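Architecture and fold: a report
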Amino acid sequence: MSEVIVITSGKGGVGKTTTTANVGTGLAMLNKKVILIDTDIGLRNLDVVMGLENRIVYNLVDVVEGSCRIKQALIKDKRYPNLYLLPSAQTRDKTSVSPEQMKKLIEELREDFDYIILDCPAGIEQGFKNAIAGADRAIIVTTPEVSAIRDADRIIGLLEANELKRMDLIVNRLRMDMVKRGDMMSIDDVVDILAINLIGAVPDDENIVISTNQGEPLVGNDSLAGKAFLNICYRITGEEVPLLNLGENNNIWNKLASLFKKN
Amino acid sequence: MSIMDFFKRKSSGDVAKDRLKLLLISDRANCTPQIMELIKNDIIQVISKYMEIDAEGLDIQITQTESEGRNGSVPALYANIPIKDLKHSKVN
């Protein structure tokens, strides 16, 4: 049975595309058949995060308009043969696709994939409506900041109004050193405010920048963020995995590092 | 800044949380502080017809309350109105 998940946030720049790339790649690592759809028409980015920007021939708008068959537009991942990307169009805008067309496309894809993951654009306009139209469940990405959480709350309200069956939360870019000082809201604070199920927390990790530079999602590697994303994938498939300890290791290393800096 | 100020100072994380809680209440209720002020003034006018109340001490806010509605929780308008004196109702 296939599941359609939209990754959304309201606010831009909180890590939707990074999350989509890592969750998609992680699920493929767990031997699921996965397709990632970039619904951010006009501001295409998932292809570069996945490192597949040079392989694009057709895109989402071509498929929807019937200029090509679905299979022609799908790009196979570099590393995982069971992972595909349907890129967005760069030279068009959000009105090129309608929610009905998205629903139809997703219904066709359901037959071939275990997971269909939609990377939603920022905002609550047409692009958002297109992205959520065919989704079974949503993953809301936020950071522990007032503006991002406010937007996430608005998105949760809109998703509830659209009767999505399930909503889960990822708290991204946590800095445990700041949380310990009391200068950043904790995971519990964010969950308390938004009152939806937490599916994972991802630390602010410089390895994310490095992996994006290289166009290879870091899910599953030894970095804290890599482990956090893989845990999220397990939880998506229904496995129960305890929350990763983001604090302790990090803190010892920080303390050591600061000791050396002083000398 | 005195030492006491230092200990009393709220961490910025707590400030953020408190600000957000207030912000989301008005976002969710689609209710601006201006509208809340108008509601407050109207309540004072209406209640004052029947009893003497402490307008300064009056506090209204929108909070969450348990209900059988969606997700078991709905917004509620909560008003705390201190009564100074119960006027005797006039017999006409």
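The structure under discussion appears in the preceding block.
In short, a report on the structure.

Here the focus is the overall build of chain B. A tally of regular secondary structure across chain B gives 3 helices and 4 strands. Reading chain B from its N end, one meets helices and strands in the order α-α-α-β-β-β-β. A buried classification covers 15% of the 92 residues belonging to chain B. Expressed as a percentage of contacts within chain B between residues at least 6 apart in sequence, the contacts between residues at least 24 apart total 42%.

Helix and strand content of chain A: 12 helices and 8 strands. Taking all 263 residues of chain A together, 56% fall into the buried category. Put simply, chain A shows about 11,900 Å² of open surface, and 47% of that area lies on carbon and sulfur atoms.

Attention shifts here to the interface of chain A and chain B. Contacts between the two partners involve 12 residues from chain A and, on the opposite side, 15 residues from chain B. A buried area of about 1,200 Å², summed over both sides, lies between chain A and chain B, and 54% of it is on carbon and sulfur atoms. For the chain A face of the interface with chain B, the top three residues by lost area are Val146(A), Arg150(A) and Ile193(A), together amounting to 43%. Counting across the chain A and chain B interface gives 4 salt bridges. Between Asp189(A) and Lys17(B) there is a salt bridge, with the nearest N and O atoms lying 3.2 Å from each other. Taken together, the links from chain A to chain B amount to 6 residue pairs in polar contact (both at pLDDT 80 or more).

Once that is clear, we can look at the pairing of strand β5 (residues 115–119) of chain A. Residue and element names in this part refer to chain A. Burial of β5 is extensive: 5 of the 5 residues sit out of reach of the surface. Of the two faces of β5, both are covered, the one formed by Tyr115, Ile117 and Asp119 as well as the one formed by Ile116 and Leu118. In the sheet, strand β1 (residues 3–8) pairs with β5 via 5 bridges, with the strands oriented parallel. Directly across from Val6, in β5, lies its bridge partner Leu118. Relative to β5, strand β2 (residues 34–38) runs parallel, the two being bridged by 5 bridges. Counterpart to Leu36 in the pairing with β5 is Ile117.

What follows is about the sheet that holds strand β8 (residues 197–203) of chain A. All names here are of chain A. Sheet architecture is open: 8 strands sit in the order β3-β4-β2-β5-β1-β6-β7-β8, paired in mixed fashion. On the outer flanks of this sheet lie β3 (75–76) and β8, each paired with one strand and no other. Direction of pairing for strand β6 (residues 137–142) relative to strand β7 (residues 166–174): parallel, over a ladder of 6 bridges. Looking across to β7, one finds that Thr142 is bridged to Val171. Packed on one face of the sheet, helix α5 (residues 99–110) meets β1, β2, β4 (83–86) and β5 and runs near 150 degrees to β5. Contacting β1, β6 and β7, helix α7 (residues 146–161) crosses the sheet at an angle of about 170 degrees to β6.

With that settled, the discussion passes to the pattern of salt bridges. Within the structure shown, the criterion is met by 18 salt bridges over all chains. The residue Arg110(A) makes a salt bridge to Asp136(A) at a minimum N-O spacing of 2.8 Å. Taken together, the positions of Arg110(A) in helix α5 and Asp136(A) in the loop between α6 (126–133) and β6 put the pair 26 residues apart, joining distant regions of the chain. When the shortest N-O distance is used, the salt bridge between Lys10(B) and Asp18(B) registers 2.3 Å. A cluster of three or more residues bridged by salt bridges with shared partners is formed by Glu3(A), Arg137(A), Arg166(A) and Asp168(A).

Of all hydrophobic cores here, the largest spans 57 residues; its most connected members are Val6(A), Ile35(A), Leu86(A), Ile140(A) and Leu159(A). Those residues in contact with Leu86(A) that lie beyond four places of it in its chain are Ile35(A), Leu36(A), Ile37(A), Asp38(A), Asn59(A), Leu60(A), Val63(A), Ala73(A), Leu74(A) and Leu105(A).

Note that Gly12(A) resides in the loop between β1 and α1 (16–29). Taking the C-alpha atoms as reference, Gly12(A) lies 9.7 Å from Thr142(A); in sequence the two are 130 residues apart.

Residue placement: Thr17(A) occurs in helix α1. With sequence-adjacent residues up to four places away left out, Thr17(A) is seen in contact with Asn45(A), Leu46(A), Val49(A) and Asp119(A).

Let us now look at helix α9 (residues 187–194) of chain A. Within the span of α9(A), buried status applies to Ile187(A), Asp189(A), Val190(A), Ile193(A) and Leu194(A). In a view along the axis of α9(A), the buried residues occupy a sector of 165 degrees, so they form one face of it. Buried positions along α9(A) lie against β6, α7, β7 and β8 of chain A together with α2 (12–29) of chain B. Immediately downstream of α9(A), the backbone of Ala195(A) shows phi near 55 degrees, a positive value.

So, how was this worked out
Residues numbered from 1 in each chain as written. Chains lettered and ligands numbered in written order. Predicted model: local features only at pLDDT ≥ 70, side-chain atom pairs only at ≥ 80, totals over all residues. Heavy atoms only, no water. Helix = DSSP H or I, 4+ residues; strand = E, 2+ residues; numbered from the N terminus. Buried < 20%, exposed > 50% of the residue type's maximum accessible area, 1.4 Å probe, protein only. Contact = heavy atoms within 4.5 Å. Areas by Shrake-Rupley, 256 points an atom, 1.4 Å probe, with all protein chains shown as cover. Buried area = accessible area lost by both parts, 1.4 Å probe. Salt bridge = Lys/Arg side-chain N within 4 Å of Asp/Glu carboxyl O. Polar contact = N/O pair within 3.5 Å; in protein donor to acceptor, adjacent residues only side chain to side chain. Pairing = 2+ DSSP bridges. Axes fitted to C-alpha atoms, helices over the stretch in contact; angles between N-to-C directions. Core = buried A, V, L, I, M, F, W, Y, C linked by side-chain atoms within 4.5 Å. Arc of directions from axis to C-beta.

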